[in-house]
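Analysis of the macromolecular model
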Amino acid sequence: MEYSHSDAELIKQPIGYWSWAASKAVVARIRGVLGEIGLTQPQWWVLNQVAHADTPRTRDEVSAVLRGYLDTGQAGLDIEIDGALEHGWITQDADARLELTDKGREFFAVAAARQDELREERHAGISDEEYLTTMKVLQRFIHNTGGQAWHH
């Protein structure tokens, strides 16, 4: 890969631009690949939360974890949860607890495999040490600017 600038020039590049550009590229790629199988990224988040819950979570519990993801908000999450219900991937009982259906488990396995492929693609040529450093640096930027971010 050829970098955009020399090392001396890269040090002077704006983090705001490059973190935005990286986010935009990664999110667009994820959404494009998931869209190929008829899944939105927020629906993936919902399926992932439901699939990995030790006990069935309520709609509100799932929403509480996901509410801040890419500024989706509660209204957006309600639409995505409803979409997953309409596709038959999850069910909702009288207490609003969400569980995967058999169809949902099969679909989740397909989507999870695609997500694994995407992760491998994104991490090509990047060591775990480099990735860890990147995560710590980005979190330090958030901290230093008074921002807040959280991901489970």
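Preceding block: the structure.
Read on for a plain summary of the structure.

Rules used in this analysis
Residues numbered from 1 in each chain as written. Predicted model: local features only at pLDDT ≥ 70, side-chain atom pairs only at ≥ 80, totals over all residues. Heavy atoms only, no water. Helix = DSSP H or I, 4+ residues; strand = E, 2+ residues; numbered from the N terminus. Buried < 20%, exposed > 50% of the residue type's maximum accessible area, 1.4 Å probe, protein only. Contact = heavy atoms within 4.5 Å. Areas by Shrake-Rupley, 256 points an atom, 1.4 Å probe, with all protein chains shown as cover. Lys, Arg positive; Asp, Glu negative; His and termini not counted. Charge placed at Lys NZ, Arg CZ, Asp CG, Glu CD. Pairing = 2+ DSSP bridges. Core = buried A, V, L, I, M, F, W, Y, C linked by side-chain atoms within 4.5 Å.

1. Quick look at the overall build of the protein
Summing up its helical and strand segments, the protein has seven helices and three strands in all. If you line up the protein on its principal axes, its C-alpha atoms span 60 × 30 × 25 Å. Sorting the 152 residues of the protein into buried and exposed places 28% on the buried side. For the protein, restricting intrachain contacts to residue pairs at least 6 apart in sequence, the fraction spanning at least 24 positions comes to 54%. Carbon and sulfur atoms provide 53% of the accessible area of the protein, an area that totals close to 10,300 Å². Across the protein, the centroid of the 15 positively charged side chains sits 4 Å from that of the 24 negatively charged ones.

2. Details of the pairing of strand β3 (residues 97-100)
In summary, the side chains of a regular strand alternate between the two faces of the sheet. Burial along β3 is one-sided: L98 and L100 are buried, while R97 and E99, pointing the other way, are not. Summarising the sheet, strand β1 (residues 57-58) and β3 pair through two bridges and their orientation is antiparallel. The partner of R57 across the bridge, within β3, is L98. In the sheet, strand β2 (residues 90-92) pairs with β3 via three bridges, with the strands oriented antiparallel. Paired with Q92 across the two strands is L98, which belongs to β3. Count of turn residues in the β2/β3 antiparallel hairpin: four residues, of which A96 carries a positive phi of about 65°.

3. Here we look at the side chain of Q43
Structurally, the position occupied by Q43 is in helix α3 (residues 41-51). If we skip the residues at most four places from it in the chain, Q43 touches G38, E80, G83, A84, H87 and W89.

4. Comments concerning the environment of V62
With respect to the helices, strands and loops of the structure, V62 is situated in helix α4 (residues 59-66). Look at V62 and you get buried, because its relative accessible area is 1%. Expressed as a C-alpha distance, the spacing of V62 and V46, which sit 16 residues apart in the sequence, is 7.0 Å. Once you skip the residues sitting within four places of it in the chain, V62 turns out to touch Q49, V50, R57 and L98.

5. A look at the nonpolar core
One finds L39, W44, L47, V50, L66 and I90 to be the most contacted residues of the largest nonpolar core, which totals 24 residues. Contributing elements (two or more residues each) for this core: α2 (15-36), α3, α4, α5 (73-87), β3 and α6 (102-122). Beyond its immediate sequence surroundings of up to four residues, L66 is in contact with W45, V46, Q49 and L77.

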